[in-house]
Amino acid sequence: MQKKFDQTSDPKRWGAGVLVFAILAMVGSISNAYIISLLTVVLLFAFMGQSWNLMLGIGGQLSIGHALFVGIGAYSVAILNIKYGITPWIGLILGAAIAGLIGAVLAWLSFRFEVRGIYFALLTIAAAEFARIMFGGWDYVGGMQGLFFQAPTGSMDLAMLRGDTRFYYFVALTLAAIGVAGTEMISRSYLGYVWRAMRDDDDAARALGVQTFRHKILVISISAATAAIGGGVLGLVQGAIFPDSIMGMGISVDVLIGPVVGGLGTAFGPLVGSMAAIPLHHAMGALGDSFGIPGLNSIAYGAVLILVVWFLPDGIWPAVVRLYGAIQLPARVRILKLQEVENDRAA
């Protein structure tokens, strides 16, 4: 077990991650406003996808209502900032705490009464829809008219998390990097092994002494809090939030599409999947509007999911890793043969 841990914690993995994000930082420095805006959304959904990846890919708990937690984070930031002038940093912390608490309560109620699997997923949808309808009829939070942030002046204000398009790009990039590093560290830690055991066989994990009830609550709470942080920043990037746009089913789909397409349970899967799916979603939406074909972006999502499930059931990132290993294998074999020759000569 220790040998496997050392191999998966190879510094080369971290070096590759640093290189990827250095390239993304360079892209953000030289790209135009449109590319930066699109990549900002991609990176934010990659970060929020990590929360869903943590919950299902590692913890084995299916949620299809993550828009609930995204919306809680967005509204926490918006209410405190717009109505009381409080820095979004406080809103992010409060939103994460509230979402984490709601996630823990949902998990406790569900698993206390043996609501599991698809029934738990349906419960998350119901909770998200209930919150969307409630916020839509709540005048204090703007109802269906939503809430609007004050337009940024263009100068960077880190204390109030306000700035131009490029500023938000680097905020999103930082969150995406934290998400990848956090998932990698958790997946290789004691919690990661326990959660994967719980995911693979809940009964066997309990037989080995794992307190699965507590760990399910913990992973869902952490996932909810992470999604809320991403939602808070997403609200700032959009400049306005509405119940349908921030708590609708579309948000839940955008959150889960990255891990599913990129590779569940992997650190880079949500980032790779979001890079592939989110731009396609925007491009197909614009194309559908141009040709008067409503829902073309949803059709594209469906086509991508079918193709991935059919040809790459593990996702894009695991396929890339396997391809890289296959390319490197002949070189490794040659090195081993040379070592054998040298050993024979020495003997």
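Just so it is clear, the structure is predicted and the values come from calculations on it, not from any experiment.

1. Some words on the overall build of the chain
Helices and strands together make up the secondary structure of the chain, namely 15 helices and two strands. Relative to its full complement of 347 residues, the chain shows a buried share of 46%. Put simply, 77% of the contacts in the chain that link residues at least 6 apart link residues at least 24 apart. A total of about 17,500 Å² of accessible surface is found on the chain, and carbon and sulfur atoms cover 69% of it.

2. Examining the confidence of the model for the chain
For the chain, the mean per-residue pLDDT works out to 88, and 90% of the residues sit at or above 70. A low-confidence stretch, residues 1-8 stays under pLDDT 50, and its non-local contacts, those more than four residues away or across chains, total seven contacts.

3. Observations regarding the packing of aromatic side chains
Taken as a whole and judged by the stated rule, the model has eight aromatic pairs. Ring geometry for F148 versus F242: centroids 5.5 Å apart, planes at 80 degrees, classification edge-to-face. A residue pair is termed long-range when its members are at least 10 positions apart, and F148 in strand β1 (residues 147-148) and F242 in the loop between β2 (240-241) and α11 (243-247) qualify at 94 residues. Between the aromatic rings of Y169 and F170, the centroid separation amounts to 5.3 Å while the plane-to-plane angle is 90 degrees, which identifies the pairing as edge-to-face. Aromatic ring contacts, followed pair by pair, group Y75, F135, W138 and Y140 into a single cluster.

4. A look at the side chain of R196
Along the polypeptide, R196 turns up in helix α8 (residues 190-200). It turns out R196 is buried and unbridged, and the closest side chain with the opposite charge, D200, is 6.3 Å from it. Beyond its immediate sequence surroundings of up to four residues, R196 is in contact with I58 and S187.

5. Side note on a nonpolar patch on the surface
On the surface, Y84, F130, M134, W138 and Y140 cluster together to form a nonpolar patch covering roughly 560 Å² of accessible area. Here Y84 lies in helix α4 (residues 67-84). When its relative accessible area of 51% is taken as the criterion, Y84 is described as exposed.

6. Here's the deal with the packing of α8 against helix α10 (residues 212-238)
In contact at an axis separation of 11 Å, α8 and α10 are set at 110 degrees when each is read in the N-to-C sense. Between α8 and α10, the interaxial angle falls into the category roughly perpendicular. Helix-helix and strand crossings are classified by hand; for α8 and α10 the assignment is left-handed. Contacts from L191, V194, W195 and M198 of α8 reach α10 at T212, H215, K216, L218, V219 and I222. Looking at side-chain class alone, the contact of α8 with α10 contains seven nonpolar, two polar and one charged residues.

7. Remarks on unusual backbone geometry
Glycine aside, residues mostly have negative phi angles, and peptide bonds mostly take the trans form. Backbone geometry places E114, a non-glycine residue, at a positive phi of 60 degrees. Assignment of secondary structure puts E114 in the loop between α5 (88-112) and α6 (117-136). In this structure, L161 takes a positive phi of about 50 degrees despite not being glycine. You can see L161 is positioned in the loop between β1 and α7 (165-187).

8. Re the pattern of salt bridges
Enumeration according to the criterion identifies nine salt bridges in this entry. R188 serves as the salt-bridge partner of E184, at 3.6 Å between the closest nitrogen and oxygen. Under the relative-accessibility criterion, E184 is labelled buried at 10%. Here K216 makes a salt bridge to D202, at a shortest N to O gap of 3.2 Å. Here K216, found in helix α10, pairs with D202, found in helix α9 (residues 202-207); they are 14 residues apart in sequence, far enough to count as distant. Each of the two residues, K216 as well as D202, counts as buried. Here the salt bridges share partners, and the residues they tie into one network are D202, D203, R206 and K216.

9. Things to note about empty space enclosed by the protein
Using the criterion set out here, one finds one cavity of 30 Å³ or more in the structure. Looking at the largest cavity, its volume works out to about 30 Å³. Put simply, the parts of the chain that give the lining of the largest cavity at least two residues each are α3 (33-58) and α7. When residues of the lining of the largest cavity are assigned to their parent elements, the largest contribution, three residues, is made by α3.

Parameters at a glance
Residues numbered from 1 in each chain as written. Predicted model: local features only at pLDDT ≥ 70, side-chain atom pairs only at ≥ 80, totals over all residues. Heavy atoms only, no water. Helix = DSSP H or I, 4+ residues; strand = E, 2+ residues; numbered from the N terminus. Buried < 20%, exposed > 50% of the residue type's maximum accessible area, 1.4 Å probe, protein only. Contact = heavy atoms within 4.5 Å. Areas by Shrake-Rupley, 256 points an atom, 1.4 Å probe, with all protein chains shown as cover. pLDDT = per-residue confidence, 0-100. Phe/Tyr/Trp six-rings, centres within 6.5 Å; stacked < 30°, edge-to-face > 60°. Lys, Arg positive; Asp, Glu negative; His and termini not counted. Salt bridge = Lys/Arg side-chain N within 4 Å of Asp/Glu carboxyl O. Patch = residues over 30% accessible without salt bridge, like charges linked within 9 Å, V, L, I, M, F, W, Y side chains within 5 Å. Axes fitted to C-alpha atoms, helices over the stretch in contact; angles between N-to-C directions. Parallel < 35°, antiparallel > 145°, perpendicular 65-115°, else oblique. Left-handed = near helix turned anticlockwise from the far one by under 90°. Nonpolar A, V, L, I, M, F, W, Y, C, P; charged D, E, K, R; others polar. 1 Å grid on protein atoms, 1.4 Å probe; cavity = no way out; pocket = protein on both sides within 12 Å on 5 of 7 lines; lining within 4 Å. Points joined across faces, edges and corners; volume = space filled by probe spheres on them.

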